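# Chains, contacts and geometry: an overview
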Amino acid sequence: MERPDLSAAMDTAAEALVGVLDSAVHRHRLAVSPTQLRVLSLLSVRPETNVNGLAELLDVVPSSASRLCDRLEAIGLVRRTVDPRDRREVRLAPTAAAEALLAEVRSRRHEAVRAVLERMPVRGRQELLWALVAFGRAATAQGAGTRST
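Reference entry: report on the structure contained in this document. (Residues numbered from 1 in each chain as written. Predicted model: local features only at pLDDT ≥ 70, side-chain atom pairs only at ≥ 80, totals over all residues. Heavy atoms only, no water.)

Turning our eyes to something else, we now look at a nonpolar patch on the surface. A surface patch of nonpolar side chains, about 330 Å² in accessible area, is lined by Leu6, Met10 and Phe135. As for its position among the elements, Met10 is in helix α1 (residues 6-26). (Patch = residues over 30% accessible without salt bridge, like charges linked within 9 Å, V, L, I, M, F, W, Y side chains within 5 Å. Areas by Shrake-Rupley, 256 points an atom, 1.4 Å probe, with all protein chains shown as cover. Salt bridge = Lys/Arg side-chain N within 4 Å of Asp/Glu carboxyl O. Helix = DSSP H or I, 4+ residues; strand = E, 2+ residues; numbered from the N terminus.)

Here it is as structure tokens:
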């Protein structure tokens, strides 16, 4: 039996994980699109973000990011606030309803991953844990800001 290529196996596992995570969310009807959910996630971990910063994170033009925020603001999931240091600057923040939605999504995703992990042998789960920790450390050591194409 041929030994599997590690990078190909990682790619396959990553695709499977994305499928599990997407399935956990899409089985339930959400009031937001996947793109809007991504915006809320980004804003949740980057509370000082403005529209231009969000556009950069999404790799879209600022007008597209602004329209996304308009829609999220209209349904009560984003609020715009004036930066107290520079009143010309408008910051974006998820509302309490958005944070609750994100918590629900995280919970569904964790449960879906947990169900897959429970189908694995105990030793395999432990080896996976150590491998993921090592992978995370190696990726962090490389530098989070560097991308290869």
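Taken as a whole, this structure holds eight salt bridges when the rule is applied. For the salt bridge of Arg114 with Glu111, the shortest nitrogen-to-oxygen distance reads 2.7 Å. You can see Arg114 and its partner Glu111 sitting in helix α5 (residues 96-118), three residues apart, about one turn around the helix. The exposure class assigned to Arg114 is partly exposed, which follows from its relative accessible area of 40%. Residue Glu111 is classed as partly exposed on the basis of its relative accessible area of 44%. We note a salt bridge from Glu127 to Arg123, for which the minimum N-O separation is 2.9 Å. Placement of both Glu127 and Arg123 in helix α6 (residues 122-142) is noted, with a separation of four residues, approximately one turn of the helix. Through salt bridges with shared partners, a single ionic network connects Glu48, Arg85 and Arg91. (Buried < 20%, exposed > 50% of the residue type's maximum accessible area, 1.4 Å probe, protein only.)

Among the nonpolar cores identified, the biggest contains 22 residues, and Leu40 and Leu54 are the most heavily contacted of them. When residues of this core are traced back to their parent elements, those giving at least two are α2 (34-45), α3 (51-58), α4 (62-74) and α5. If you tally residues by element for this core, the top one is α2, at five residues. The contacts of Leu54, once residues within four sequence positions are left out, are Val39, Leu42, Leu43, Thr49, Ala65, Cys69 and Leu92. (Core = buried A, V, L, I, M, F, W, Y, C linked by side-chain atoms within 4.5 Å. Contact = heavy atoms within 4.5 Å.)

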